[in-house]
Amino acid sequence: MTDGRRRYWLMKSEPHCFSFADLLAAPERTSCWDGVRNYQARNLLRDELAPGDGVLFYHSNIPQPAIVGIARVVGGGYPDHTALDPRSDHFDPRASSANPLWYMVDVQGLQPLSAPIGRDDLRRHPLLGGMEVLRKGNRLSVQPVRAEEWRAVLALAGLDDPLEAH
């Protein structure tokens, strides 16, 4: 929550790398969101995402990409340690402790959707057809979601807002 106002995000992950089930299986259903190597997404992680913000967890790079779960940000942006680890797939030799370059946040899984909400579902919905994730060429792994889009996704999934209980 920036300035005391909750914000909402769509965060993409390839399920063979890190799935929503992996997040739910993590201790306290919480994990760092590491490995982002796009400057625009990095800036969002570093400067915009804040504890209490809502997350639509999106499985990407699969035959039927879809929103599969609801999560929340529980730790604001901090340097991504995987950039400093030569054994990591996310190692970046340009990064250092003094100049971290890349950032991550901590995310907690709250609730899986009973059925994935795919791109066609989003396109057909009058409030969701303009979502950033549907824009041609938008490959950002972290994207803003408007409050009305958040509510519409929850309604489509038949869910009450799990953030209201936290």
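Anything mentioned here points back to the structure above.
Fair warning: this is a prediction, and the values are worked out from it, not measured in the lab.

Novice: I'd like a rundown of the overall build of the chain, residues and numbers included.
Specialist: Looking only at helices and strands, one finds 4 helices and 6 strands in the chain. The helix and strand sequence of the chain, counted from the amino end, reads β-α-β-α-β-β-β-α-β-α. Computed over its C-alpha atoms, the radius of gyration of the chain comes to 15 Å, within 12% of the 15 Å expected for a compact globule of 166 residues. Seen through its C-alpha atoms, the chain measures out along the principal axes to roughly 45 × 35 × 30 Å. Taking the contacts inside the chain whose residues are at least 6 apart along the sequence as the reference set, 75% of them involve residues at least 24 apart. Element-wise, carbon and sulfur atoms account for 49% of the exposed surface of the chain, whose accessible area totals about 8,700 Å².

Novice: Lay out helix α4 (residues 147-157) with the relevant residues and their values.
Specialist: Residues of α4 that are buried: Glu149, Trp150, Ala152, Val153, Leu154 and Ala157. On the buried face of α4, the contacting elements are β1 (8-13), β3 (54-59), β4 (66-79), β5 (103-118), α3 (119-124) and β6 (142-145). Looking one or two residues beyond α4, the residue adopting positive phi is Gly158, at roughly 70 degrees.

Novice: How would you explain the nonpolar core if you had to name every residue and give the values?
Specialist: Judged by nonpolar contacts, the single largest core of 22 residues is most densely connected at Leu10, Leu56, Ile67, Leu122, Met131 and Trp150. Among the elements of the structure, β1, β3, β4, β5 and α4 are those that each provide at least two residues to this core. For this core, the leading source of residues is α4, giving 5 residues. When near neighbours in sequence (up to four residues on either side) are disregarded, Trp150 contacts Tyr8, Gly54, Val55, Leu56, Ile70, Ala71, Val145, Asp161 and Leu163. Counting residues in hydrophobic clusters, the runner-up holds 20 residues, among them Met11, Trp33, Val36 and Phe57.

Novice: An account of the sheet that holds β1 is requested, with residue identities and associated values reported.
Specialist: Pairing is mixed in the open sheet, where 6 strands are placed in the order β2-β5-β4-β3-β1-β6. Each end of this open sheet is capped by a strand with a single partner; those strands are β2 (30-33) and β6. Averaged over all pairs of adjacent strands, the angle between their axes in this sheet comes to 40 degrees, without regard to strand direction. Note: β4 against β5, 10 bridges, orientation antiparallel. Residue pairing across strands places Arg72 opposite Gln108, the latter belonging to β5. Helix α2 (residues 39-47) rests against β1, β4, β5 and β6 of the sheet, and its axis sits at about 105 degrees to β5. Here α4 sits on the sheet in contact with β1, β3, β4, β5 and β6, set at roughly 40 degrees to β5.

Novice: Would you mind going over the packing of aromatic side chains in detail, with residue names and values included?
Specialist: Counted according to the given criterion, the structure contains 4 aromatic pairs. Here the aromatic cluster, defined as three or more aromatic residues joined through ring pairs, consists of Phe20, Trp33 and Phe57. Taking NZ or CZ as reference, Arg42 lies 6.0 Å from the ring centre of Trp102, over its face. Taking NZ or CZ as reference, Arg46 lies 6.0 Å from the ring centre of Tyr103, over its face.

Calculation notes
- Residues numbered from 1 in each chain as written.
- Predicted model: local features only at pLDDT ≥ 70, side-chain atom pairs only at ≥ 80, totals over all residues.
- Heavy atoms only, no water.
- Helix = DSSP H or I, 4+ residues; strand = E, 2+ residues; numbered from the N terminus.
- Rg over C-alpha atoms; globule rule 2.2 N^0.38 Å.
- Contact = heavy atoms within 4.5 Å.
- Areas by Shrake-Rupley, 256 points an atom, 1.4 Å probe, with all protein chains shown as cover.
- Buried < 20%, exposed > 50% of the residue type's maximum accessible area, 1.4 Å probe, protein only.
- Core = buried A, V, L, I, M, F, W, Y, C linked by side-chain atoms within 4.5 Å.
- Pairing = 2+ DSSP bridges.
- Axes fitted to C-alpha atoms, helices over the stretch in contact; angles between N-to-C directions.
- Phe/Tyr/Trp six-rings, centres within 6.5 Å; stacked < 30°, edge-to-face > 60°.
- Lys NZ or Arg CZ within 6 Å of the ring centre and 35° of its normal.

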